[in-house]
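Below, each chain spelled out in residue letters.
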Amino acid sequence: IPSSTEMDWRAEDGSTFVPSSTLPSQDVRSGGPGQVSSLVSAHAIFGNGHYLSSVSVGLTYVSGYPPYPGQHKKGCNVTLHVLDAQTGAELALLWASQELSAYSFDDFKGYSKPVNGSVTGLNLPNSKPVRLSLKVHNNNRNLQLRVADLTLSISWTTDLGPEPPVAPYNQTTPAADAATVTRGPLLYALRPKSHSKVTKRYDSLLPDRPLAVDYEIDGSAARW
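So, a few notes on the structure that sits alongside this text. Numbers given for residues are sequential positions, taken from 1 along each chain in its written order. In keeping with the predicted nature of the model, local features appear solely for residues at pLDDT of at least 70, side-chain atom pairs appear and are counted solely at 80 or more, and the whole-chain, interface and lining totals rest on all residues. Water and hydrogen atoms were dropped before computing side-chain values, which therefore reflect all heavy atoms in the structure.

### Some points on the overall build of the protein
So, point 1. Tallying secondary structure elements over the protein gives zero helices and 15 strands in all.
So, point 2. With a 1.4 Å probe rolled over the protein chains alone, any residue whose accessible area is under 20% of its type maximum counts as buried; one over 50% counts as exposed, and the rest are partly exposed. For the protein, buried positions account for 38% of its 224 residues.
So, point 3. Residue contacts are defined here by distance: any two heavy atoms, one from each residue, within 4.5 Å place the two residues in contact. Counting only contacts in the protein whose residues sit at least 6 apart along the sequence, the fraction spanning at least 24 positions is 77%.
So, point 4. Put simply, the protein shows about 13600 Å² of open surface, and 54% of that area lies on carbon and sulfur atoms. Per the convention used, a helix needs a DSSP run of H or I reaching at least four residues, while a strand needs a run of E reaching at least two, with both numbered from the N terminus. Where accessible areas are quoted, they stem from the Shrake-Rupley method and a 1.4 Å probe; at the residue level, only the protein chains shown are allowed to cover.

### Considerations on the pairing of strand 4 (residues 36–41)
So, point 1. Most of strand 4 sits out of view: five of its six residues are buried.
So, point 2. Across four bridges, the pairing between strand 1 (residues 9–12) and strand 4 is antiparallel. Across the sheet, Glu-12 pairs through a bridge with Ser-38, a residue of strand 4.
So, point 3. Whether two strands pair comes down to DSSP finding at least two bridges between them. Pairing analysis gives five bridges linking strand 4 to strand 11 (residues 130–137), with the strands arranged antiparallel. Across the sheet, Val-36 pairs through a bridge with His-137, a residue of strand 11.

### Digging into the nonpolar core
Within soluble globular proteins, side chains that are nonpolar generally end up buried alongside one another.
So, point 1. By size, the foremost hydrophobic cluster in this structure holds 29 residues, and its most contacted members are Leu-59, Val-78, Leu-80, Leu-94, Leu-132, Leu-134 and Leu-143.
So, point 2. Mapped by element, the contributors of at least two residues to this core are strand 5 (50–59), strand 7 (77–84), strand 8 (90–96), strand 9 (115–119), strand 11 and strand 12 (142–146).
So, point 3. If we ignore the near neighbours within four places in the chain, the residues touching Leu-132 are Ile-1, Leu-39, Val-40, Ser-41, Ile-45, Val-55, Leu-80, His-81, Val-82, Leu-94, Leu-152 and Ile-154. By nonpolar core we mean a set of buried residues, namely Ala, Val, Leu, Ile, Met, Phe, Trp, Tyr and Cys, connected to one another through side-chain atoms within 4.5 Å.

### Some thoughts on the environment of Ser-155
So, point 1. Along the polypeptide, Ser-155 turns up in strand 13 (residues 151–160).
So, point 2. Taking the relative accessible area as the measure of exposure, Ser-155 reaches 26% and is therefore partly exposed.
So, point 3. C-alpha separation for the pair Ser-155 and Ser-53, spaced 102 residues apart in sequence, amounts to 5.4 Å.
So, point 4. Every residue in contact with Ser-155, bar those within four places of it in the chain, is listed here: Tyr-51, Leu-52, Ser-53 and Ser-54.
So, point 5. Residues adjacent in sequence count toward polar contacts only when both atoms are side-chain atoms; beyond that, a polar contact is any pair of N or O atoms within 3.5 Å, and within protein one must be able to donate a hydrogen and the other to accept it. Side chain to side chain, Ser-155 and Ser-54 meet in a polar contact 2.4 Å long.

Here it is in structure tokens:
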């Protein structure tokens, strides 16, 4: 799943995109201590009726708000979730990381080694589109995740679920291909299919007006 650019994600619940310590890359900052922020994949997953079989995630991080000497602060952890792509409702919690606090933002010496998580044998229905989401539980600190190092991958079973699959459609960006009718008369701007025939002409009246005619219009063939 594309996941290494800012366009591949939606930063929600307090998370924001910020410049990385290794410019020109971008980071996702998870907010401040005590927050639970979200990073939602911009790409809906259409399974064509199959079941999701496995999901894996990879990330690198640095952690802020370090403890003072002799002070203990609980570090952050990251969880991976499956969401309904249309409603945003959580369908499943897939994976949880260990505490992530070993690589410092304040005393920066580089991002962490890749933190990888995976889960297999899921058998989650994917007749309807779903999304993957990362939640960062800041606890007493926070994280910055390097966007260029984020990875997501999935696989499906060969079995089909009982529900008919939803056909793929664009869910990467907000829809811009729809129209809204707010007043009844505007409906006629859609030009329904119709049949017309001339019922009377006025060629015999002077001056000659070939376009002065009466029409009978039948709109019964229109389909809305």
